[in-house]
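Structural features, examined
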Amino acid sequence: MIKPGRMTKQKKLILEILRNTNTHPTADWIYEQARKQIPDISLGTIYRNLNNLKQAGEIMELNYGSTFSRFDGNPQNHYHFVCDGCGRIFDLDLPLMNNLEEKVSSLTGKQVTRHRLEFYGYCRECQAKQSEEEKQQPDEV
């Protein structure tokens, strides 16, 4: 693990914001929250500190190949559920399947050091919304 370096007030605030939410926010959302306490903080400072915190193993970056990343205040490996309806990301309280890494290593001959697993579908709210929309559609004749 890389040494975290100096804990500036900006870095401490960003870490506090992340540890006090379970929404897996974007850097822009973190920036908006940080500005409430440090009005002159820059978006560049947010990105630089997020990168430093990630390198130090304090947070996790969730990059889904989109144009932006989401950040998780829990740096321990854990699984996520991503809602295809609203885009929210939820932590899943499931035990890690560490033997999965060993299986992949033995099957492929590659050295697996970690893995990330996400599940996709619809959260309860989006399922309820879909059910409600289906009820409101007129029956086809």
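Residues numbered from 1 in each chain as written. Predicted model: local features only at pLDDT ≥ 70, side-chain atom pairs only at ≥ 80, totals over all residues. Heavy atoms only, no water.

Let's talk about the packing of helix H1 (residues 9-19) against helix H2 (residues 27-35)
Threshold: Only the stretch in contact is used when a helix axis is fitted, and all axes are lines through C-alpha atoms; the angle between N-to-C directions ranges over 0 to 180 degrees. Starting at the N terminus, helices and strands are each numbered in turn, a helix being any DSSP run of H or I of at least four residues and a strand any DSSP run of E of at least two. Reported orientations rely on four angle classes, namely roughly parallel under 35 degrees, roughly antiparallel over 145, roughly perpendicular from 65 to 115, and oblique for the rest. Crossings are classed by handedness, with left-handed meaning an anticlockwise turn of the near helix from the far one by less than a right angle and right-handed meaning a clockwise turn. Any two residues whose heavy atoms approach within 4.5 Å are treated as being in contact.
Taken N-terminus to C-terminus, the directions of H1 and H2 make an angle of 115°; their axes are 10 Å apart at the nearest point. Here H1 lies roughly perpendicular to H2, going by the angle between them. Between H1 and H2 lies a crossing of right-handed hand. In this structure, H1 uses Leu-13, Ile-14, Ile-17 and Leu-18 to contact H2, whose residues at the interface are Trp-29, Ile-30, Gln-33 and Ala-34.

Considering the pattern of salt bridges
Rule in force here: Salt-bridge detection follows one rule: a side-chain nitrogen of Lys or Arg within 4 Å of a carboxyl oxygen of Asp or Glu. Burial status follows relative accessibility: with a 1.4 Å probe on protein chains alone, a residue under 20% of its type maximum counts as buried, one over 50% as exposed, and anything between as partly exposed.
Applying the stated criterion across every chain yields a total of 4 salt bridges. For the salt bridge of Glu-125 with Arg-88, the shortest nitrogen-to-oxygen distance reads 2.9 Å. Of the two residues, Glu-125 is situated in helix H5 (residues 124-136) and Arg-88 in the loop between strand E3 (79-83) and strand E4 (89-92); the sequence distance between them amounts to 37 residues. Taking the relative accessible area as the measure of exposure, Arg-88 reaches 35% and is therefore partly exposed. For Glu-118, the salt bridge identified is with Arg-116, shortest N-O distance 2.4 Å.

Notes on the pairing of strand E1 (residues 60-63)
So the rule is basically this: Here the rule is simple: two strands pair whenever DSSP picks up at least two bridges between them.
Side chains of E1 alternate between two faces, with Met-60 and Leu-62 buried and Glu-61 and Asn-63 left unburied. Here E1 runs beside strand E2 (residues 69-72); their pairing, made up of 4 bridges, is antiparallel. Bridge assignment links Leu-62 to a residue of E2, and that residue is Arg-70.

Structural notes on the nonpolar core
Grouped burial of nonpolar side chains is what soluble globular proteins tend to show. This is how the line gets drawn: What is meant by a nonpolar core is a set of buried Ala, Val, Leu, Ile, Met, Phe, Trp, Tyr and Cys residues, joined one to another through side-chain atoms within 4.5 Å.
In terms of nonpolar packing, the biggest core is built from 16 residues, with Ile-14, Leu-18, Ile-30, Ile-46, Leu-50, Ile-59 and Phe-71 touching the most fellow members. For this core, the secondary structure elements donating two or more residues are H1, H2 and helix H3 (43-55). At 5 residues, the largest contribution of residues to this core is made by H1. Beyond its immediate sequence surroundings of up to four residues, Leu-50 is in contact with Ile-14, Leu-18, Ala-27, Ile-30, Ile-59 and Phe-71.

Some remarks on the layout of surface pockets
A probe as big as a water molecule, rolled over the atoms, marks out the empty space that is left. Threshold: Think of a 1 Å grid over just the protein atoms. A cavity is a set of points where a 1.4 Å probe fits yet cannot get out, a pocket is an open set with protein on both sides within 12 Å along at least five of seven lines, and lining residues have an atom within 4 Å of a point. Grid points are joined across faces, edges and corners, and a volume is the space filled by probe spheres set on the points.
By volume, the largest pocket is sized at about 240 Å³. If you go around the largest pocket, the residues you meet are Met-60, Pro-75, Gln-76, Asn-77, Arg-114, His-115 and Arg-116.

Section: the side chain of His-78
What counts is decided by this rule: The term polar contact refers here to a pair of N or O atoms within 3.5 Å; inside protein, the definition further demands a hydrogen-donor-capable atom paired with an acceptor-capable atom, and it admits residues adjacent in sequence only when both atoms are side-chain atoms.
When you line up the elements, His-78 lands in the loop between E2 and E3. A polar contact is formed between the side chain of His-78 and the side chain of Asp-72, at a distance of 2.7 Å. Of the polar contacts made by the side chain of His-78, one reaches the side chain of His-80; its length is 3.1 Å. Once you skip the residues sitting within four places of it in the chain, His-78 turns out to touch Met-60, Asp-72, Asp-91 and Leu-96.

Taken by themselves, the reported measurements are silent on function.
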